[in-house]
Structures are given as structure tokens and as C-alpha cells.
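Listed below are the residues making up each chain.
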Amino acid sequence: MKRKILFWLLVMTSVVLLTACTTPQIPQTTPLPSATLLPSTQTPEPSATLDPTENAQATLHANATQNAVHFETAVAAMTATALVKPTNTPFLTQTPSLTPTPTQPVPLTSREPTLDELADFLGVGFDEYFDDGKWVKNFDLVYEDVTGDGQTELVFTRPPHLYVLKWDNNQYQVVFTERGYWTRGLPNSSIALEDWTQDGISEIIFDNTSLSGGSGWFVYDTVRKVIHCDETNCQIIWSDLIGIHDDLYAGGILERYRVETNPLTNENGEPILRTLEEGFSVNHLPEFVHDYRPHDFTDGLYVFTSTVTLYAWNGVTFEPAETQIVSLPQLVSSDLQTTAIRSDGTSAEVIIREQLTMDFWRENCQVVIDHTALDLQFPCSDKFTKIEWLNVVGDAQEEVVLNTFSGLTYEQSKENGYGIQCQYQRLLIFQPTGDTYTLIANITGCIEESDLYGVRLEDVNGDGQFEIRSRGTYWGGPELLYTFNGTAFTLSAELP
């Protein structure tokens, strides 16, 4: 038995020795050089396949959106794959790691560069949008001595970022960069120059507005940053949220918040900053939206506390020094009047019904005169709708006048070519004509102020005849004047 075990041990030892003798040896090699990236001669393939039709539709939608400043920007991201040629090394079984050579910025040697030269130097592109029938690039650029060195710097914003470029040795150097943010649509940035520190050198007032929200819900937040520069560096000396435009059209929700800034000097001639904060909101948000954006929304018109804050310049920043309450918050719970009786007993009534639009409940109104419903139906508010009899056109009889507050539905916005983008007040006037009532005015006006003025009856020229004065159909537009021509109220003038 022992002999058999010894025999098999000898056999196995022989097999191991033979195997070792027949295995090739790997020759010694020198250290491997780093692989070199070669420029590609082929068109990079996108990381995802894009349907050209869908891409075009998304682009057109984004363009129409920015023109109305109300809908989402569609962006298609693409990545390219570089071709790599590794060094030939025998018996290499693993791919070496690659260390690309850092790209050096293109020098900017033009004193007044073109946009393309700026893009190459800063390594940025330019967002474009469709406005007034043409493609435009969204940027702002000024030349100003903001460092006090006796020569102009180039101050440039490609939303939402700001760059300050200093001319040095016949080329520009970036001495300051402030990167903003944007969430949904194309952001909008602006530059202004004001001497807030009273040192004879302008500060850079950088405002950036971003868009957030959802379908039918648009929230514009504006942040202001004030940048002070000297010959060595630049820094932010004051920053705050200065504006909110919040509109949920389908829900009839409206919020406005703004901070007015005014740089002044105190009695000792020292720089100070005075800010006035005010705002209001209309109606309440649905619970799930309120949880997402917790603001003070109430069931009616809520006017925020108005405050004045003074900031003192300490040589480095503006720091808060004093805050005063100008007015306390107030609530207007309702201004609702659904029924009016004429002197002869004829009744006028507005019927308010709820309907579901864009997943939000909102109100729809219809006028009933002497128990007969008129055909016209329109969006309205169950808090701010008022019907009454008034002698409007001076014909010795009273007309039915109705005021209400409302936003546009998404469908109405599309029907108007996205042209009316605001919460508005509506004025309707029905004139008795025999046994019927004729609509002689159906005019709206955008609401910006907490008194909810968008449109109203007013004797503008003092001739004893009512005109209709409207805040216009878009934010920041001219006020409009409508006069009665014997048949209806028509647009007659734009007011300064």
C-alpha cells in the first residue's frame, strides 16, 4: 500500500514539472507611456436617439414660451465620444487610464470683443429665444470703470451668470464671476451701474430673474446682488430677493412681492441703503400646492406687512441698522354682491358655478336679468364679483354693470396666442335694448397693485361722461382708454 502511494506521488510531481517547463515567460517591459488623445475625424454620435420632429416641436414650444415669458424651455443634451489610440504594448491586458491635457482658454486680445470672441474666451454659449419675429441672444454688456483704476472694465452677463473682465497687458483677465441659477424657462438678467457707496465709482447692480412653477402656474423670482470692486478684487456688498410674480392662472391665484431699493446718505453724509418691502396675495392655494410653496395665502385679498429697512455701509458691506413697520397686514375677505334690483323692480343676478379646470376648481359666471339667463359665460371670483345698475352712457336709463377678478385658463391663454399673461379684472356692461340686453363692454386689465385695480369706470376728461380705464393686457404695458361711440366702448387712446 505504501508503495502505491509513493508511486502516485512521483507521477504527480512529474506532471507539475513538465507543465512548468512548457509555460512561456513574459518578457520584461519598460514603463508604459501615457496614452495620447487624438482629435476625432468623425462626427460624434449622440448619447440618445432624438426624434427630429419631436425635437423641432420642443424647440418651437420653448421659443413661443419665452416670447410669452410663461412656458418651459426644452433642452436636448448630447455627449460626444473621443477616439483614443492606445500605445502598442505586447501582452497588455488592461486599458490604461487617460489623463487629458487641460484646455487653455483662448486669449481675449480685442478691446471690444465680439460675442463669439467672448464665448470662446469664457467657454460659454448663448441662449437664444424668439422675440418680435426674430431670434435674439439673451445677454447684457457694458463698459465702465468699476475698479477705479482709470480704465474701463468689461461687465458682461450671460444669464444667469455675471463676469467682470479687466484689461491687463493688452488682453482681458476675468477678475470676478458670479453664477446665478435658473430652473424652468430661460432666465433673464440685467446690469445697472449706480454709486451706492458714494465713492465716485459705480457699483454693479446685477438682477437675475428665474422661472419656476408648473403647468398653468408661473413663479418669477428676482434676486438683486450689488457688487463693489476696487483695483484688486470685487465682492458682493448686498443681496436679497426683491420680487415675486406668482400666478396660478387656472386657480385664480395671484401673489406680488417687491422690495424697492434706494441708496442715500444720512445726516453725516455717510452711505446708507433704504428698502421698502410690500406685497399682497389673492385667494388661497390648494393644499398640495401650499405644502410645496408655503406662502401666506388666504381666502380673499391679503395685504402683507409693509416695512422700511435702513442698511449702514461699514466699508465692506451694507448691514441692517433699523427696521420700521409702515403698515400692518390687512385682510379683505370678500367684496361679493350677486344681486341688484333696479328702481322699477327689475332684478339682475350673477350666478356663480364651480368647474374643474387643469385639476383646479375655479368659478364660472353667468348673468341673469329679469329671470332670463344671458348667453355669455366667463371666469370670475366668488370673493370679488359685484353686479349693480348704473347709468353709464347718459341715456336716462340704467345699465347692468358687473366687475369681477379672474385669471386666464390655459386654454384661453392659447386662444389669445399667449398674448394676455396676467391675472385681471373684468368689466362688463349690458345695455337695455327693448326686451333684450346688449353687451356694450367686455374689457379686462392686468392687476399689479393690492387695490386690485385692473379696469374701472372713470370720467377721465371731466365732461360728465364715463370712460373705461384699463391697466392694459400685459405687465408693464400702457394704460388704455375706452370711450362710448354710441354703440359700444372702443379703444380710443393709450395713456402715459
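The residue count restarts for each chain, going from 1 along the sequence in the order it is written. Reporting of local features is limited, given that this is a predicted model, to residues whose pLDDT is at least 70; pairs of side-chain atoms are given and counted only at 80 or more, and all residues count toward the totals for whole chains, interfaces and linings. Computation of side-chain values: all heavy atoms of the structure, hydrogens and water removed.

Quick look at the overall build of the protein now. When its secondary structure is counted, the protein shows 5 helices and 30 strands. In the protein, buried positions account for 40% of the 496 residues. Residues count as neighbours in contact if any of their non-hydrogen atoms are within 4.5 Å of one another. Look at the contacts in the protein between residues 6 or more apart in sequence, and 50% of them connect residues 24 or more apart. Summed over all atoms, the accessible surface of the protein reaches about 27,800 Å², with 52% contributed by carbon and sulfur. Strands are runs of DSSP state E lasting at least two residues, helices are runs of H or I lasting at least four, and both sets are numbered from the N terminus onward. Think of it in three bands: residues with accessible area under 20% of the maximum for their type are buried, residues over 50% are exposed, and the middle band is partly exposed, with areas taken using a 1.4 Å probe on protein chains only. In this description, accessible areas are obtained by the Shrake-Rupley approach with a 1.4 Å probe, and a residue is regarded as covered only by the protein chains that are shown.

With that settled, the discussion passes to the environment of histidine 228. Take histidine 228: it is sitting in strand 11 (residues 217-229). Taking the C-alpha atoms as reference points, histidine 228 and valine 316, separated by 88 residues in sequence, lie 8.8 Å from one another. Beyond its immediate sequence surroundings of up to four residues, histidine 228 is in contact with Thr197, Asp199, Glu203, Asn233, Cys234, Gln235 and Ile237. At 2.6 Å, the side chain of histidine 228 forms a polar contact with the side chain of glutamate 203. Here a polar contact means two N or O atoms within 3.5 Å. Within protein one must be a hydrogen donor candidate and the other an acceptor candidate, and residues neighboring in sequence count only if both atoms are side-chain atoms.

Our focus in this paragraph is the sheet that holds strand 29 (residues 479-484). Two strands make a pair as long as DSSP finds a minimum of two bridges between them. Pairing is antiparallel across the open sheet formed by 4 strands, whose spatial order is 27-28-29-30. Here the strands that pair on one side only, and so sit at the sheet edges, are strand 27 (455-458) and strand 30 (489-495). Neighbouring strand axes in the sheet, compared pairwise and without regard to direction, differ in orientation by 30° on average. Inspection of the sheet shows strand 29 paired to strand 30 by 6 bridges, in the antiparallel sense. Its bridge partner lying in strand 30, phenylalanine 484 is registered against phenylalanine 489. Axes here refer to lines fitted to C-alpha atoms; in helices the fit is confined to the stretch in contact. Angles between the N-to-C directions go from 0 to 180 degrees.

Put simply, a salt bridge is a Lys or Arg side-chain nitrogen that is within 4 Å of an Asp or Glu carboxyl oxygen. Throughout the structure, instances matching the rule amount to 13 salt bridges. A salt bridge links lysine 383 to aspartate 382; its shortest N-O distance comes to 3.2 Å. Here the salt bridges share partners, and the residues they tie into one network are Arg456, Glu458, Arg469 and Glu479.

Looking now at the pairing of strand 14 (residues 271-282). Burial analysis of strand 14 places 9 of its 12 residues in the buried class, the great majority of the element. Between strand 13 (residues 253-265) and strand 14, which pair antiparallel in sequence order, lie 5 residues; one of them, glycine 269, sits at a positive phi of approximately 80°. Sheet analysis places strand 14 next to strand 15 (residues 301-303), joined by 3 bridges and oriented antiparallel. Of the residues in strand 15, the one forming a bridge with phenylalanine 280 is valine 303.

Our focus in this paragraph is the sheet that holds strand 8 (residues 171-179). The sheet built from 4 strands is open, its strands ordered 5-6-7-8 with antiparallel pairing. The outermost strands of the open sheet, each flanked by one partner alone, are strand 5 (140-144) and strand 8. The mean angle between the axes of side-by-side strands here comes to 20°, regardless of whether they run parallel or antiparallel. In this sheet, strand 7 (residues 161-168) lies alongside strand 6 (residues 153-158) in antiparallel orientation, the contact comprising 5 bridges. When the bridges of strand 7 are listed, leucine 154 appears paired with leucine 165.

Here we take up the state of the cysteines. Cysteine sulfur atoms are paired as a disulfide whenever they fall within 2.5 Å. For the coordinates displayed, the defined rule picks out 2 disulfides. Each sulfur of the disulfide joining cysteine 229 and cysteine 234 lies 2.1 Å from the other. One quick way to see it: the torsion about the S-S bond of cysteine 229 and cysteine 234 is about 110°, and its sign makes the bridge right-handed. An identical accessibility class is assigned to cysteine 229 and cysteine 234; each is buried. Each sulfur in the disulfide pair cysteine 365 and cysteine 380 lies 2.0 Å from the other. Looking down the S-S bond of the cysteine 365 and cysteine 380 bridge, the torsion is 85°, so its handedness is right-handed. Residue cysteine 365 is located in strand 21 (residues 360-369), and its partner cysteine 380 is located in strand 22 (residues 372-380); the two are separated by 15 residues in the primary sequence. Like cysteine 365, the residue cysteine 380 is buried in the burial classification.

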